Amino acid sequence: TAALEAMARGRIAVVSDRCGIGLWPELAPGLVRMAPEEPLVAAVDRVRSATPEERAGRAATARSAAEALNERTVEHWLSVLVGLAPATAR
């Protein structure tokens, strides 16, 4: 998703309250979720009102969460591929 791409780049991602990525416990801390019926401009104002340190912290949290997800995904696919390889190739 665009939000995960932003997170991977160390950017703050604002997502709607109904966005699926916000439901992932390991990714949610790196996102700024809009409240139900909250206008986008209000959510962006919330981000703008944070201190530079708070914004940098949120961006770092987002990047770390995206990197961790990527590492787990790569490890999973490697284990699947190794499991499918013929025993002689191992």
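Now for a quick tour of the structure. (Residues numbered from 1 in each chain as written. Predicted model: local features only at pLDDT ≥ 70, side-chain atom pairs only at ≥ 80, totals over all residues. Heavy atoms only, no water.)

What follows deals with unusual backbone geometry. Even without glycine at this site, Glu37 takes up a positive phi of about 70°. By secondary structure assignment, the location of Glu37 is in the loop between β2 (31–33) and α2 (40–49). The exposure class assigned to Glu37 is exposed, which follows from its relative accessible area of 72%. (Helix = DSSP H or I, 4+ residues; strand = E, 2+ residues; numbered from the N terminus. Buried < 20%, exposed > 50% of the residue type's maximum accessible area, 1.4 Å probe, protein only.)

With that settled, consider the pattern of salt bridges. Considering all chains together, one arrives at five salt bridges under this definition. In this structure, Glu38 and Arg46 form a salt bridge, with 3.0 Å as the shortest nitrogen-oxygen distance. Its relative accessible area of 16% is what places Glu38 among the buried residues. Asp45 is the salt-bridge partner of Arg48, the closest N and O atoms lying 3.8 Å from each other. Of the two residues, Arg48 and Asp45 are both situated in helix α2; the distance of three residues between them amounts to about one turn of the helix. Here Arg48 falls in the exposed class, since its relative accessible area comes to 63%. (Salt bridge = Lys/Arg side-chain N within 4 Å of Asp/Glu carboxyl O.)

Among the secondary structure elements, Gly57 is positioned in helix α3 (residues 52–84). A relative accessible area of 32% means that Gly57 is categorised as partly exposed. With 20 residues separating them along the chain, Gly57 and Glu37 place their C-alpha atoms 26 Å apart.

To continue, consider the environment of Trp24. Among the structural elements, Trp24 can be located in the loop between β1 (13–15) and β2. According to the relative accessible area criterion, Trp24 is partly exposed, its value standing at 39%. Distance in space between the C-alpha atoms of Trp24 and Glu38 is 21 Å, their sequence separation being 14 residues.

It is worth spelling out the side chain of Glu38 at this point. With respect to the secondary-structure elements, Glu38 resides in the loop between β2 and α2. Side-chain polar atoms of Glu38 contact the backbone nitrogen of Ala35, separated by 2.7 Å. Apart from the residues lying within four places of it in its own chain, the contact partners of Glu38 are Arg33, Ala43 and Arg46. (Polar contact = N/O pair within 3.5 Å; in protein donor to acceptor, adjacent residues only side chain to side chain. Contact = heavy atoms within 4.5 Å.)

Here α3 is 33 residues long and its end C-alpha atoms lie 48 Å apart, about the 48 Å a rise of 1.5 Å per residue gives. Residues of α3 that are buried make contact with α1 (2–8). (Expected span 1.5 Å × (residues − 1).)

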